[in-house]
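# Notes for the structure review
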Amino acid sequence: MSDLVKRGGFLVPVLLLCALPFYLDAFWLRIGLFSMAAAIGAVGLGVLSGTAGQLSLGHAFFLAVGAYGYVWLAGEDGPGLPPAVALVLAVLLAGAAGGLFSPVAGRVKGIYLGVATLALVFLGHHVLLTADSVTGGFNGSSVPPLEIGGFAFDQGDGLAVLGVPFGAEERLWYLGLALFALTWFTARGLLRGRPGRALVALRDSETAASVMGVHVAKYRSAAFVVSSMYAGLAGVLLALAFRRVVPDYFSLALSVDYLAMIVIGGLGSVAGATAGAVFVTALPLLMTRYADQLPLVAAPGSGDGSLGPTEAARYLYGAAIVVVLLFAPDGLTGLARRARARLARRRDRPAPTDPGAAPRPPATTVRAKEPTP
C-alpha cells in the first residue's frame, strides 16, 4: 500500500505538469520555463555550495558559457552544428570551463573561493561585450531554435494537439520538463551515492574527511565541474526561452539570485533548490504583471522614481533570506519536513478516551487461574 501511495504521490505532479500547457496561456508557461531553467542551475549550485560547502559567486559565468556556446555552435556565424549536438557540446563546454578553474576550486575554500569566482563574472562580461564576432556584443545574438529529429521547438507550422495550438512555449515546456527530470534524478543519485557522502563529510570537517580517505582537492574540483555543467544546461534552456541572449543578463546580480535560491530553499537539497528557484524567479515576473494592483510598486517604465517591481521583488526575497537564516536555517525543505513530521505525530497519536468510562484492562492481562477444588 505504501508503494502505491509513493507512486501516486510521484505520478500526480508529473501528470499535472504535463497537462498545464493545455490550460495556461503563454505568460504562465514562460514563468514555468524560466523557473525550470533556474531550478536546473540552482541544483548545480546546491551541489557545490550546499553539499560540498564551497562558496561560488561565478555561477552566472557558466550560464553564459552554456547560452552563448549553444548560440555560436548552432548559429550561422559558428560551425552551424545541428542544434541537438550544439546543446550537448555547450554543456560540455561549460564543464570544460569549470575544469579549467577546478584547480583553484580544489585548493581554495570559503570566502576566498567566492572572491576568485567573482572575477569570472567580470571577466566573462567583458568578453561578451568585446567579442562581437562570437557574442554579438552589447546587443547580443538571436538564439537558433532547437530541432530534434525534424521537430522544431519554435512557433512551427501551426501544430495543434487536442485543439490547443502548440507554439514555442508549449513545445519548450516539455523540453524543460525533460531536462529538469534529468537534472533531478542525476543530482539525487549523485547526492545519495558515495560521492554525495564524501562531499557531505568534506563540508562538515575537512580533516575528518581526509582521515576517512576522501581526496579533498579531487572531490572539490569534481563538484565544481558538475556544478558548471548544470549551469551550462540551465543557460541553454534560458537562451531557448528568451530567444535572444544579451551580456547584461549574465551579471553579478544573477549569481546573487542563485545564492538566494539555494538559501531560501534549503542548502544541500534538490527539492529545496527547486523551490527556491521557483520563488526567486516567479516573484519579479508576477510583480511586474500585477504592479498596478500592488501598493508602493510602480509599473515598469513609469519613470516617476517609485519602486519598480524588480527592485521590490529583490527586497522581498532579501527579507525572506533574513527570515530563513533567523528562524529556519534549513530553508523551505526544513519547514516542509517538520510539518510532515508534526502531521505524522498527530495521526499516530491515540484517540482520547472518555474520562467517565470504567478503565478497561489491558489486552495482555492474564486472568488468574482458579484453584482446583
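Structural data are supplied above this passage.
Note that the coordinates shown come from a computational prediction; the quantities given were computed from them, not determined experimentally.

### Observations concerning helix α14 (residues 331–348)
A rise of 1.5 Å per residue sets the reference length of α14, with its 18 residues, at 26 Å; its end C-alpha atoms lie 26 Å apart and thus fit the reference within 8%. What α14 keeps buried is the set G331, T333 and G334. Taken down its axis, α14 places every buried residue within 115° of arc, on the same side. Counted as exposed and oriented over 90 degrees from the buried face of α14: R340, L343, R346 and R347. Elements in contact with the buried residues of α14: α11 (252–265), α12 (270–289) and α13 (309–327).

### Here we look at a positive patch on the surface
On the surface, R342, R345, R346 and R349 cluster together into a positively charged patch. Residue placement: R342 occurs in helix α14.

### Details of the packing of aromatic side chains
Each pair of aromatic rings is reported with the distance of its centres and the angle of its planes. All told, the structure shown has 9 aromatic pairs when counted by the stated rule. Ring geometry for F61 against F62: centres 5.1 Å apart, planes inclined by 80°, an arrangement best described as edge-to-face. Residue classification places F62 among the buried residues on the basis of a relative accessible area of 2%. In textbook terms, an aromatic cluster arises when at least three aromatic residues are bridged by ring pairs, as seen for F34, Y68, F242, Y249 and F250.

### Thoughts on the environment of S269
As for its position among the elements, S269 is in the loop between α11 and α12. Polar contacts involving the side chain of S269 include one to the main-chain amide nitrogen of A271, which spans 3.5 Å.

### Thoughts on the environment of A168
Note that A168 resides in helix α7 (residues 168–192). For the pair A168 and A152, spaced 16 residues apart in the sequence, the C-alpha separation amounts to 8.7 Å. Discounting chain neighbours no more than four positions away, the residues touching A168 are F153, D154, Q155 and R243.

Analysis parameters
- Residues numbered from 1 in each chain as written.
- Predicted model: local features only at pLDDT ≥ 70, side-chain atom pairs only at ≥ 80, totals over all residues.
- Heavy atoms only, no water.
- Helix = DSSP H or I, 4+ residues; strand = E, 2+ residues; numbered from the N terminus.
- Expected span 1.5 Å × (residues − 1).
- Buried < 20%, exposed > 50% of the residue type's maximum accessible area, 1.4 Å probe, protein only.
- Arc of directions from axis to C-beta.
- Contact = heavy atoms within 4.5 Å.
- Patch = residues over 30% accessible without salt bridge, like charges linked within 9 Å, V, L, I, M, F, W, Y side chains within 5 Å.
- Areas by Shrake-Rupley, 256 points an atom, 1.4 Å probe, with all protein chains shown as cover.
- Salt bridge = Lys/Arg side-chain N within 4 Å of Asp/Glu carboxyl O.
- Lys, Arg positive; Asp, Glu negative; His and termini not counted.
- Charge placed at Lys NZ, Arg CZ, Asp CG, Glu CD.
- Phe/Tyr/Trp six-rings, centres within 6.5 Å; stacked < 30°, edge-to-face > 60°.
- Polar contact = N/O pair within 3.5 Å; in protein donor to acceptor, adjacent residues only side chain to side chain.

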